[in-house]
Amino acid sequence: MDEDVHIERFTVAGEDAGERLDRVLANRVAELSRSRLKALVLAGHVTVGGRTIRDPGQRVNAGAEIAVVIPPPEPAEPAGEDIPLNVVFEDDEIIVIDKPAGLVVHPAAGHWTGTLVNALIAHCGTSLSGIGGVRRPGIVHRLDKDTTGLMVAAKTDRAHQSLVEQFADHGRTGPMERGYLALAWGVPHAPRGTIDRPIDRHPHQRDKMAVREGGREAVTHWTVVERYADTAGEPVACLMECRLETGRTHQIRVHLASVGHPLIGDAQYGAGFRTKAARLGPQAQAAIEALGRQGLHAHLLGLEHPASGEFLAFRSDPPPDFAAVRAALLQNPARPSSSAGRGRG
C-alpha cells in the first residue's frame, strides 16, 4: 500500500448503535469534512466488519470494526501529461479532437490523472481558456468516458464564451450541430422520431440518470439508419443517428433506454437486454463482447468559429470496435418497417 495512505480504525460504541455510517464517521474522524467522508464512502474506501460499504446511510451495529482508508491529498491543479491526441482541427482559438474510448474528459474523484484535460494542458500549454476552472480548462462540453468521437475545447476566453453560448442553444437558433451514431437493441416501428422527456439524477443510484417528472428538459431526435435481424430473420437491433436539442448527462443513453432501445454494450442502462445477443450469430456476439462499452460515437460536430464567424463542420468515422459490430450485424439486414409515420417517444 502507498506509504502516504492513512487508515483510521475504530469500533462502533454502544451509544452509536443504529446510527448512520456517515454520522458515526463525522463524530470519530473529526479531521475530515462530512462531504469528504461521504466521498470516501461512495468511492469504496470505508469498510464495516471487513465489508466495503458504499452507502453513507447504512446503519451500523455496536462493536462493528470500521476502517477508513484516507488517500493522500490530490494536487489542486491538474498537470500536463503526454497522452496522444487525435487532433482534427486546431488554430489559435479552438482545438477539435477525436476522443477515443476510455478517456475521461476532466479530473474528478477516481480519475485525477490521465484525462483529456491533462492531455490538453500538455498539448496546448498555457493557451487553454481558464473560464472553466482549474480542473476544466477549455472544456465546454463532455463525452462519457466510453463514448468516442468529436469534441471541441476553447483556447481563449473569447472562444470559451462563444462555444458555451452555442452549446446552450444547441442549434435552436444558431448553427450548432451535434450528431451521434448509436447501435441500439430493437428496431423502432417508425423511421424517425423525437424523445422529449425530462432527465434528472436517478432517485436511488446516484451514478445514474433517469427520465423523471420535474427534471431538466431533454430532447433527442433520432433516425433509423440501418436495421439488423437475428439468425431467425427477426428484427433485433439497429443503427440510429441521434441529434441533440439539449445536452444532459447520459442523454442519449437514458432516452433510448426509456423507449425500449438501449445502446448495445451499455452495462449501465441496457443490462437487461444482454440476452438479445444470444439471438445473433457468433461473429456478431464476439464483436459485441470485444466492444465492451456502449455503442455510441459522436460523428458530427458543426459550429460557428468564435473569431471569424465561419461555419465549421467536422465528421468522424466510428472506431474499429464500433465498425466491427456494425459489419457483423450487417450480415443479417432487416427489412424496413412499413410504417412511415413520425414516432415520438
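J.: How should the overall build of the protein chain be read in this particular structure?
T.: Along the protein chain, the regular secondary structure elements total seven helices and 16 strands. For the protein chain, buried positions account for 45% of its 345 residues. Counted over contacts in the protein chain with a minimum sequence separation of 6, partners at least 24 positions apart contribute 69%. Summed over its atoms, the accessible surface of the protein chain is roughly 16,800 Å², and 47% of this surface lies on carbon and sulfur atoms. Of the charged side chains in the protein chain, 39 are positive and 42 negative, and the gap between their average positions amounts to 8 Å.

J.: I'm lost on the side chain of Q251 in this one. Help?
T.: By the element assignment, Q251 lies in helix α5 (residues 251–258). Its relative accessible area of 2% is what places Q251 among the buried residues. In terms of polar contacts, Q251 uses its side chain to reach the backbone carbonyl oxygen of V219, at 2.9 Å.

J.: Is there a simple way to think about the sheet that holds strand β3 (residues 51–52) in this case?
T.: By definition, the strands of a sheet pair up through backbone hydrogen bonds, in either a parallel or an antiparallel sense. Within the open sheet, the four strands sit side by side as β1-β4-β2-β3. Their pairing is antiparallel. Looking at strand neighbours, the two that pair on one side only are β1 (6–11) and β3, the edges of this open sheet.

J.: When you look at α5 in this model, what are you seeing that I'm missing?
T.: Each α-helix turn comprises 3.6 residues. Residues three or four places apart therefore point the same way. Across the eight residues that make up α5, a large majority, six, are buried. Within α5 the residues assigned to the buried category are Q251, I252, R253, V254, H255 and L256. Positive backbone phi, approximately 85°, marks G260, located one or two places after α5.

J.: Can you help me understand the pattern of salt bridges in this one?
T.: A pair can form between side chains of opposite charge whenever their charged atoms are brought close. Here the structure, examined in full by the defined rule, presents 13 salt bridges. Where R172 meets E245, a salt bridge forms, and the shortest distance between an N and an O atom there is 3.2 Å. Residue R172 is found in the loop between α4 (157–169) and β8 (177–185), and its partner E245 is found in the loop between β13 (235–244) and α5; the two are separated by 73 residues along the sequence. Bridged by salt links that share partners, the residues D144, R253 and D266 form one connected network.

J.: Just checking my understanding: could you explain the side chain of K208 for this structure?
T.: In this structure, K208 sits in the loop between β10 (199–201) and β11 (209–211). Among buried Asp, Glu, Lys and Arg side chains, K208 stands out as unpaired, with D207 the closest opposite charge at 6.9 Å. A distance of 3.2 Å separates a polar atom in the side chain of K208 from the backbone oxygen of Q268. Residues in contact with K208, not counting those within four places in the same chain, are R201, H202, Q268 and Y269.

J.: It is not clear to me how the environment of D266 should be interpreted in this structure. Could you clarify?
T.: Relative to the assigned elements, D266 resides in the loop between α5 and α6 (282–291). Taking the C-alpha atoms as reference, D266 lies 8.3 Å from G292; in sequence the two are 26 residues apart. Each residue touching D266, except ones within four places of it in the same chain, is listed here: R253, A271, R293 and Q294. A polar atom in the side chain of D266 sits 2.8 Å from the side chain of R253. Of the polar contacts made by the side chain of D266, one reaches the backbone nitrogen of Y269; its length is 3.2 Å.

J.: Help me out: how do you make sense of the nonpolar core in this one?
T.: Counting residues in hydrophobic clusters, the biggest one holds 30 residues, and the most contacted among them are L120, Y180, C242 and L256. Residue assignment for this core shows that the elements contributing at least two residues are β6 (94–99), α3 (116–124), β7 (148–154), β8, β12 (219–229), β13, α5 and β14 (296–304). When sequence neighbours within four positions are dropped, the list of residues in contact with L256 reads A182, I195, M240, C242, H261, P262 and L263. Grouped together as the second largest cluster of nonpolar side chains are 19 residues, F10, L21, V60 and A64 included.

J.: Help me understand the confidence of the model for the protein chain in this model?
T.: Detailed reading of the predicted model is not advised wherever pLDDT is low. Averaged over every residue, the pLDDT of the protein chain is 89; residues scoring 70 or more account for 92%. Here residues 339–345 is modelled with pLDDT under 50, and outside its nearest four sequence neighbours on either side it reaches 23 contacts, counting other chains as well.

Rules of the game
- Residues numbered from 1 in each chain as written.
- Predicted model: local features only at pLDDT ≥ 70, side-chain atom pairs only at ≥ 80, totals over all residues.
- Heavy atoms only, no water.
- Helix = DSSP H or I, 4+ residues; strand = E, 2+ residues; numbered from the N terminus.
- Buried < 20%, exposed > 50% of the residue type's maximum accessible area, 1.4 Å probe, protein only.
- Contact = heavy atoms within 4.5 Å.
- Areas by Shrake-Rupley, 256 points an atom, 1.4 Å probe, with all protein chains shown as cover.
- Lys, Arg positive; Asp, Glu negative; His and termini not counted.
- Charge placed at Lys NZ, Arg CZ, Asp CG, Glu CD.
- Polar contact = N/O pair within 3.5 Å; in protein donor to acceptor, adjacent residues only side chain to side chain.
- Pairing = 2+ DSSP bridges.
- Salt bridge = Lys/Arg side-chain N within 4 Å of Asp/Glu carboxyl O.
- Core = buried A, V, L, I, M, F, W, Y, C linked by side-chain atoms within 4.5 Å.
- pLDDT = per-residue confidence, 0-100.

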